[in-house]
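Here's the letter readout for the chains.
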Amino acid sequence: MSKKSIRTVLFLAIIICVAALFYYNNVFARSVAVATVTEKGNGFIIIEKADGTIEKIKTTKLLIPLIEVGDRYFISYHSNKLRSPFIKSIEPSE
């Protein structure tokens, strides 16, 4: 292999690694929280975490009737820079 082809392969490998890192950081961000549901609407809930932060999370319309305002839940949700937070799982907290 010539030096030019080695540099090209190395450059492409670096570009692929940077793209993979960007993709991982922006698509696979997952958060978990024990939070109180303060409000629910058509396709979303608003939660208040233990540290006082408030977050609006998208959810399916099937879950909305099962969630009670004022109750505490263990919530797993995905959030990142490319899209707004959406719920992955929710369980009542004791």
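The model shown is predicted, which means the values in this text are computed figures rather than measured ones.

Q: Please set out the side chain of S79 residue by residue, giving values where relevant.
A: Here S79 lies in the loop between β4 (72–78) and β5 (86–92). Residues contacting S79, with those up to four places away along its chain left out, are A29, S31 and P85.

Q: I'd like a rundown of the pattern of salt bridges, residues and numbers included.
A: Side chains that differ in charge, positive against negative, can pair when their charged atoms come close. Counted under the stated rule, the structure contains one salt bridge. In this structure, the salt-bridge partner of E55 is K49, at a minimum N-O distance of 3.1 Å. Accessibility expressed as a relative area gives 19% for E55, which makes it buried.

Q: How would you summarise a nonpolar patch on the surface if you had to cite specific residues and measurements?
A: A surface patch of nonpolar side chains, amounting to about 350 Å² of accessible area, comprises M1, I6 and V9. Within the secondary structure, V9 is located in helix α1 (residues 3–27).

Q: Tell me about the nonpolar core, and name the residues and values.
A: Nonpolar side chains in soluble globular proteins tend to be buried together. A35, V37, I45, I47, I57, I64, I67, Y73, I75, Y77 and I87 together form the largest nonpolar core, which totals eleven residues. Where this core is concerned, the elements lending two or more residues are β1 (30–41), β2 (44–49) and β4. At three residues, the largest contribution of residues to this core is made by β4. The residues touching Y77, leaving out its near neighbours within four places in the chain, are A29, R30, S31, I47, K49, E55, I57, P85, F86, I87 and K88.

Conventions used here
- Residues numbered from 1 in each chain as written.
- Predicted model: local features only at pLDDT ≥ 70, side-chain atom pairs only at ≥ 80, totals over all residues.
- Heavy atoms only, no water.
- Helix = DSSP H or I, 4+ residues; strand = E, 2+ residues; numbered from the N terminus.
- Contact = heavy atoms within 4.5 Å.
- Salt bridge = Lys/Arg side-chain N within 4 Å of Asp/Glu carboxyl O.
- Buried < 20%, exposed > 50% of the residue type's maximum accessible area, 1.4 Å probe, protein only.
- Patch = residues over 30% accessible without salt bridge, like charges linked within 9 Å, V, L, I, M, F, W, Y side chains within 5 Å.
- Areas by Shrake-Rupley, 256 points an atom, 1.4 Å probe, with all protein chains shown as cover.
- Core = buried A, V, L, I, M, F, W, Y, C linked by side-chain atoms within 4.5 Å.

Geometric descriptors of this kind do not, in isolation, establish any biological role.
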